[in-house]
Amino acid sequence: MENKVFPTKGNLIASKKSLSLARMGYDLLDRKRNVLIREMMMLVDKVKLLREEITQAYATAYYLLQQANISTGVISDIASSVHVETGVHVTYRSVMGIEVPSVTIDPSPIKMEYGFDESNSRVDEAYIQFHRVKELTVVLAEVDNSVYRLANAIRKTQKRANALKNISIPNLEATVKFISDSLEEKEREEFSRLKVIKANKEKNKRGAQ
């Protein structure tokens, strides 16, 4: 590799400092990556269980909705009387500088918001089940989005760490070696030159005697 850095003591000091910072940066990125991976792996298992649970919950909810429609006719009028959920809140917490969402929903008792003369127990069962689906969806939204953000951060961190490990650090190590070898060679040349000068002086001194 061609090194275009001029071999001076100043450049050697600067290159060693840059190398030290690059190694420190790699260590920090490596620790960050490990923390993020650990955090994500804790959530991955949770996502798997949640997906299975919410899939079953949706299947049950739509089955109960179908039964409610069969028993009372299409219940779109009943559905329109149910209020739109506005109690969902999103805040964020930091994991190694990565903003991870925390999704919550205001706790509220299950309250039938439709007339009993237009419904029956099948409608109630469907309503209760969809309430459960709503709660699970809030939890899944938090965990799923957290996993996505963490995975994306891990990918970027890994890319930066690899760049330091495979490109920046080797280049700086090569630069430090090049400058050190060049300065050592200059010192040897200077030492040899001084020895020759000293030998010539002694020779001339003896000849003058």
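Scroll up a little and you will see the structure.
We now turn to the structure provided with this report. (Residues numbered from 1 in each chain as written. Predicted model: local features only at pLDDT ≥ 70, side-chain atom pairs only at ≥ 80, totals over all residues. Heavy atoms only, no water.)

Overview of the overall build of the chain
Stage number 1. For the chain, the helix and strand inventory stands at 3 helices and 2 strands.
Stage number 2. Reading the chain from its N terminus to its C terminus gives the helix and strand order α-α-β-β-α.
Stage number 3. Burial statistics for the chain: of 209 residues in total, 28% are counted as buried.
Stage number 4. Taking the intrachain contacts of the chain between residues at least 6 apart in sequence as the baseline, contacts between residues at least 24 apart amount to 78%.
Stage number 5. On the chain, roughly 14300 Å² of surface is accessible, and the fraction owed to carbon and sulfur atoms is 57%. (Helix = DSSP H or I, 4+ residues; strand = E, 2+ residues; numbered from the N terminus. Buried < 20%, exposed > 50% of the residue type's maximum accessible area, 1.4 Å probe, protein only. Contact = heavy atoms within 4.5 Å. Areas by Shrake-Rupley, 256 points an atom, 1.4 Å probe, with all protein chains shown as cover.)

Re the nonpolar core
Stage number 1. The biggest cluster of nonpolar side chains holds 19 residues, and the ones touching the most others in it are L36, V143, V147 and L150.
Stage number 2. Those elements that provide at least two residues to this core are α1 (9-72), β2 (98-105) and α3 (121-208).
Stage number 3. Dropping the residues within four chain positions of it, V143 is found in contact with L43, K46, V47 and L50.
Stage number 4. In terms of nonpolar packing, the next biggest core, distinct from the first, is built from 12 residues, L12, L19, L164 and L172 among them. (Core = buried A, V, L, I, M, F, W, Y, C linked by side-chain atoms within 4.5 Å.)

A closer look at the packing of aromatic side chains
Stage number 1. Counted under the stated rule, the structure contains 2 aromatic pairs.
Stage number 2. Residues Y58 and Y62 carry aromatic rings whose centres are separated by 6.1 Å and whose planes lie at 20° to one another, so their mutual orientation is stacked. Linking Y58 with Y62, this pair stays in helix α1, spanning 4 residues, or about one helical turn.
Stage number 3. Measuring from ring centre to ring centre gives 5.4 Å for Y62 and F130, while their planes differ by 90°; the resulting arrangement is edge-to-face. You can see Y62 sitting in helix α1 and its partner F130 sitting in helix α3, a full 68 residues away along the chain.
Stage number 4. We classify Y62 as partly exposed; its relative accessible area is 48%. (Phe/Tyr/Trp six-rings, centres within 6.5 Å; stacked < 30°, edge-to-face > 60°.)

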